[in-house]
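Here's the letter readout for the chains.
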Amino acid sequence: MKMNLKFDYNLICKTILQEQLGALNLEYKINSLSEVEFKRKPTEKQLQQVTKALKHYGISIIVDQQSALVQRIKELITELINDTEKSSKYNASDYLAEQLNYSYAHLSSVFSETTYSSIENFIILKKIDLAKELIIHKNYTLTEIAHELNYSSVAHLSAQFKKTTGLTPSAFQRIINKRKENE
């Protein structure tokens, strides 16, 4: 028997942070998925305990400020793409600059230096990931997906999908439908 699962990564991460930090009796505030603010500075021993507890879940503490900023950029892009209302209101560069209080040029430079890729490329990858999710779990048409992800046309979505995955969205849909039939 197979069971298909869908995860709410935000809820999972928040729950893990609450459980692990609570177990260590630390007073904290979760500002975002990638930022926790402590009311009192933890001792070295507490930091070691937090590091060990979170490592078990694949969560590591980022010490480098540039890496922390890149993580925040990724988080905001994911949030923007997953929120249809926000993504139709803002373009990514304005949204990031507004949320992080840095110029987009600075954010783009830090992102590229750290990841060896551009913010624009990361946005495309996240949009294509969401397009695949919509095909797999919601059975959306390509027109609905293009509209949902603010593509100017189905052709534009299809071109980016093929460039990223090596498949056209239609071919991807056929593969998914065959898999569902064979289950």
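Residues numbered from 1 in each chain as written. Predicted model: local features only at pLDDT ≥ 70, side-chain atom pairs only at ≥ 80, totals over all residues. Heavy atoms only, no water.

Participant: Even after reading the chapter, I still don't get the pairing of strand β1 (residues 28–32), so can you show me in this structure?
Facilitator: Regular strands place side chains that alternate from one sheet face to the opposite one. Two elements, β1 and strand β2 (residues 35–38), share four bridges in a ladder whose sense is antiparallel. Following the sheet pairing, Tyr28 is matched in β2 by Phe38. In sequence, β1 turns back onto β2 through a hairpin of two residues. (Pairing = 2+ DSSP bridges. Helix = DSSP H or I, 4+ residues; strand = E, 2+ residues; numbered from the N terminus.)

Participant: Help me understand the packing of helix α6 (residues 104–115) against helix α7 (residues 119–138) in this model?
Facilitator: For any two helices packed against each other, the geometry is given by the interaxial angle and the distance between the axes. Where α6 contacts α7, the axes come no closer than 9 Å and their chain directions differ by 75°. Regarding the angle of α6 to α7, the classification is roughly perpendicular. Facing α6, whose interface residues are Tyr104, Leu107, Ser108 and Phe111, α7 presents Ile119, Glu120 and Phe122. Here the residues of the contact of α6 with α7 sort into five nonpolar, one polar and one charged. (Axes fitted to C-alpha atoms, helices over the stretch in contact; angles between N-to-C directions. Parallel < 35°, antiparallel > 145°, perpendicular 65-115°, else oblique. Contact = heavy atoms within 4.5 Å. Nonpolar A, V, L, I, M, F, W, Y, C, P; charged D, E, K, R; others polar.)

Participant: How do you make sense of the pattern of salt bridges when you look at a structure like this?
Facilitator: Pairs may arise between side chains of opposite charge once their charged atoms sit close together. As enumerated under the stated definition, the model contains four salt bridges in all. A salt bridge links Arg72 to Glu75; the shortest N-O distance between them is 2.7 Å. Of the two residues, Arg72 and Glu75 both sit in helix α3 (residues 65–82), three residues apart, roughly one turn of that helix. (Salt bridge = Lys/Arg side-chain N within 4 Å of Asp/Glu carboxyl O.)

Participant: What's the story with the nonpolar core in this structure? I'm lost.
Facilitator: Core analysis: the biggest nonpolar cluster contains 30 residues, and Ile73, Ile77, Ile119 and Ile145 have the highest contact counts within it. At the level of secondary structure, the elements contributing two or more residues to this core comprise α3, α5 (92–100), α6, α7, α8 (142–148), α9 (154–165) and α10 (169–182). When residues in this core are grouped by element, the largest group, eight residues, is from α7. Excluding residues that lie within four positions of it along the chain, Ile77 makes contacts with Leu96, Ile119, Phe122, Ile123 and Lys126. Leu17, Leu21, Leu26 and Ile30 belong to the second largest nonpolar core, which has seven residues in total. (Core = buried A, V, L, I, M, F, W, Y, C linked by side-chain atoms within 4.5 Å. Buried < 20%, exposed > 50% of the residue type's maximum accessible area, 1.4 Å probe, protein only.)

Function cannot be inferred from these measures alone, as they are strictly geometric.
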